[in-house]
Every structure is written in structure tokens, then in C-alpha cells.
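# Analysis of the macromolecular model
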Amino acid sequence: MKLKTIIYSTLVLTLLIACATNPFTGKKTIAFVPNTQLFPTSFAQYNQFLGENKVITGTKDAEMIKRVGQRIAVAAERYLDANGNQGYLKNYKWEYNLVNDETVNAWCMPGGKIVFYTGILPIAQNETGVAAIMGHEVAHALANHGQQRMSAGMVQQLGAVAGNVVIQDEQKRGLFNQAYGIGSQVGVMLPFSRSHETEADNIGILLMAIAGYNPDEAAQLWQRMKANSGGQAPPEFMSTHPSNDTRIANLTKWAPGAKAEARKFGVTSFR
């Protein structure tokens with residue numbers, strides 16, 4: 001059996017067994033692990049992380065992170081309710097924390113648990129920059145990207161197992177494992193991850209606009225991200241993320257549409 005046949009057969013079987021619907025795109029997504037199982041694990045891991053790291057509280061920056069997060073979450077609920085997804089967020093438990101770490105990063109775990117590192121604040125520069133980052137991270141949670149990545153990893157493993165069962169010759173099995181490892185990573189998993197990042201950028205810029213933040217700032221934020229990286233990045237096809245230039249171009253293109261969507265919610269001026 002050919003490599004592609006093994007991969008595609010496994011994917012089709014998985015999609016038939018377990019799927020969910022993305023509330024922003026309407027597309028079906030793989031969901032091997034239901035959120036009822038995923039969220040409690042996520043919350044426990046988040047609490048463990050907070051216990052092992054220095055959480056900053058009571059400062060202007062810490063309060064800003066919470067304020068922006070709450071506004072983005074309200075924007076998300078308004079958008080979802082207006083588009084026929086009432087109650088979608090009932091199991092989400094939003095939490096926003098600033099952690100003392102010079103790493104330029106922020107992340108959101110399934111179910112709405114968010115961390116900003118202090119190292120990203122100089123690049124954010126202001127509250128609107130934080131909103132651009134927050135919108136992106138919240139979007140990952142809303143679109144269940146964590147659930148999809150976990151499910152995709154399980155599919156990748158199933159494909160490997162299927163190949164090893166089908167291929168009896170030891171030498172051919174070794175070649176299959178090598179080709180499958182590289183092919184499934186570069187041809188499937190990395191593009192899958194990049195699509196999530198692009199989707200989160202698209203949803204995020206919409207949410208920040210509905211929350212009253214200027215979506216034009218998102219492209220400017222990534223200009224600063226690009227400058228901070230010093231141009232050091234792997235080729236896009238080898239990366240989990242789109243290139244900085246791709247993101248800047250996309251965000252610039254999407255900003256007018258985000259403003260137009262925000263006007264539907266009565267937002268006519270932006271911070």
C-alpha cells in the first residue's frame with residue numbers, strides 16, 4: 001500500500017469517527033479528545049505552571065493584561081451569540097496572568113487560560129499591541145486548535161502504526177518510517193500548524209476590533225516582531241508559523257474588514 005493511501009485512509013477514518021465544528025469558519029475539525037476531557041487537564045496544567053513561575057500581580061501591566069483579556073472575551077461572546085453560537089463559551093474559564101520571563105511569548109491553553117510573558121511587552125508597546133496578541137491567543141482557544149493539534153498527532157501516530165502493520169519487509173518498513181516521519185511532518189503537520197496560526201490571526205484581528213482596539217495595530221505589531229527577530233527564521237515550509245511578511249500582508253489586508261464587522265456591533269472608534 002502506498003504511503004499516501006495509508007495517510008489518507010487513516011485521516012478519513014478519523015474524520016468519520018470524531019469531528020467538531022469551528023464556530024468561526026463552519027468547517028468540520030478533528031476532535032479525538034472532547035473538550036470535556038481536555039479542559040480539566042488544561043486547567044490543572046495551567047495551575048501547575050503558575051505555581052512554578054513568578055506571577056506578577058497588582059502592577060499596571062498585570063492589570064492591563066486582565067483588562068484587555070476581559071474585553072476580548074466579551075467581544076468573542078458577542079460575536080458568537082450574534083452568529084448563532086449562544087452558550088459556546090459555557091465551559092471556558094478565562095484567566096489572564098502576567099509572568100516574569102524575558103521570553104518573547106504569550107499563549108492560551110484550551111478552555112481560556114492565558115499567560116503573557118514580560119518579555120513580549122516591549123514589543124507590544126501599548127494596550128492596543130497587547131490586544132492584538134491577546135486576540136490571537138484567545139482565537140486559538142475559541143477555534144479549539146489545541147484539541148485539533150492533539151488529534152492530529154494521534155492521527156500521525158495511527159498512520160505510522162498502519163504502515164508498520166501493512167509493510168512486512170523489514171528494509172521497506174525502515175524506509176517507510178523514515179519517509180513517513182519526514183513526509184507527515186513537512187507535508188501535513190507543519191502546514192496544519194501554519195493554518196492554525198493564520199486562522200488565529202484572522203479571528204484575532206476581528207475580536208480586537210469588536211473590543212474597540214484598532215486592528216491596524218496588528219500588522220504594526222508584526223513589523224516590530226520581525227525587527228526583533230533580526231530576520232532569523234527558518235523557511236516558511238519548515239516552520240510551524242507563517243513568515244513575518246506573510247502575517248503582515250494578511251493582517252494589513254484583513255484590517256478594513258475587521259473594522260466593518262466591528263461597526264455591526266456599534267463600534268465606530270478604536271483605541
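Here, the structure is the one placed above.
A short tour of the structure in this document, coming up. (Residues numbered from 1 in each chain as written. Predicted model: local features only at pLDDT ≥ 70, side-chain atom pairs only at ≥ 80, totals over all residues. Heavy atoms only, no water.)

The next subject is the pattern of salt bridges. Taken as a whole and assessed by the stated rule, the structure comprises nine salt bridges. Residue Arg247 is joined to Glu197 by a salt bridge in which the shortest nitrogen-to-oxygen separation is 3.5 Å. Of the two residues, Arg247 sits in helix α9 (residues 244-263) while Glu197 sits in helix α7 (residues 170-210), which places them 50 residues apart along the sequence. Accessibility assignment for this pair places Arg247 and Glu197 in one class, buried. Where Lys226 meets Asp245, a salt bridge forms, and the shortest distance between an N and an O atom there is 2.7 Å. Taken together, the residues span a long stretch of sequence, with Lys226 in helix α8 (residues 216-229) and Asp245 in helix α9 at a distance of 19 residues. Overall, the relative accessible area of 33% leaves Lys226 in the partly exposed class. Looking at Asp245, the relative accessible area reads 45%, which means it is partly exposed. A single network of salt bridges, built from pairs that share partners, joins Arg67, Arg71 and Glu127. (Salt bridge = Lys/Arg side-chain N within 4 Å of Asp/Glu carboxyl O. Helix = DSSP H or I, 4+ residues; strand = E, 2+ residues; numbered from the N terminus. Buried < 20%, exposed > 50% of the residue type's maximum accessible area, 1.4 Å probe, protein only.)

Membership of the largest hydrophobic core comes to 58 residues, with the highest contact counts inside it found for Phe116, Met134 and Leu142. Broken down by element, this core gets its largest block of residues, 10 residues, from helix α3 (residues 60-82). Beyond its immediate sequence surroundings of up to four residues, Met134 is in contact with Ile65, Val68, Gly69, Ile72, Tyr96, Ile114 and Phe116. Ranked by size, the runner-up nonpolar core spans eight residues in total, among them Phe49, Leu50, Trp107 and Val115. (Core = buried A, V, L, I, M, F, W, Y, C linked by side-chain atoms within 4.5 Å. Contact = heavy atoms within 4.5 Å.)

Quick look at the sheet that holds strand β5 (residues 106-109) now. With respect to topology, four strands assemble into an open sheet ordered β3-β4-β6-β5, the strand pairing being mixed. The open sheet has two edge strands, β3 (55-56) and β5, and neither has a second partner. Running over the sheet, α3 touches β3, β4 (95-99) and β6 (113-117) and is turned about 150° from β4. Along the sheet, helix α5 (residues 127-142) contacts β4, β5 and β6; its crossing angle with β5, the most-contacted strand, is approximately 30°. (Pairing = 2+ DSSP bridges. Axes fitted to C-alpha atoms, helices over the stretch in contact; angles between N-to-C directions.)

Glancing now at the packing of α8 against α9. As a packed pair, α8 and α9 sit with axes 7 Å apart at the nearest point and diverge in direction by 170°. Classified by the angle their axes make, α8 and α9 are roughly antiparallel. Where α8 crosses over α9, the two elements pack in a sense that is right-handed. Where α8 approaches α9, its residues Asp216, Ala218, Ala219, Trp222, Gln223, Lys226 and Ser229 are matched on the opposing element by Asn244, Asp245, Arg247, Ile248, Leu251, Thr252, Ala255 and Lys259. Here the contact of α8 with α9 is composed, by residue class, of six nonpolar, four polar and five charged. (Parallel < 35°, antiparallel > 145°, perpendicular 65-115°, else oblique. Left-handed = near helix turned anticlockwise from the far one by under 90°. Nonpolar A, V, L, I, M, F, W, Y, C, P; charged D, E, K, R; others polar.)

Our focus in this paragraph is the packing of aromatic side chains. Applying the stated criterion to the full structure yields nine aromatic pairs. Centre to centre, the rings of Phe39 and Phe43 are 6.0 Å apart; their planes meet at 40°, and the pair counts as tilted. Of this pair, Phe39 and Phe43 both sit in helix α2 (residues 35-52), four residues apart, roughly one helical turn. The class of Phe39 is buried, set by a relative accessible area of 5%. Taking relative accessible area as the criterion, Phe43 reaches 13% and is therefore assigned buried. When the ring of Phe49 is compared with that of Trp107, the centres are 5.0 Å apart and the planes differ by 80°; the resulting orientation is edge-to-face. You can see Phe49 sitting in helix α2 and its partner Trp107 sitting in strand β5, a full 58 residues away along the chain. (Phe/Tyr/Trp six-rings, centres within 6.5 Å; stacked < 30°, edge-to-face > 60°.)

Fair warning: the whole summary comes from geometry, so function is off the table for now.
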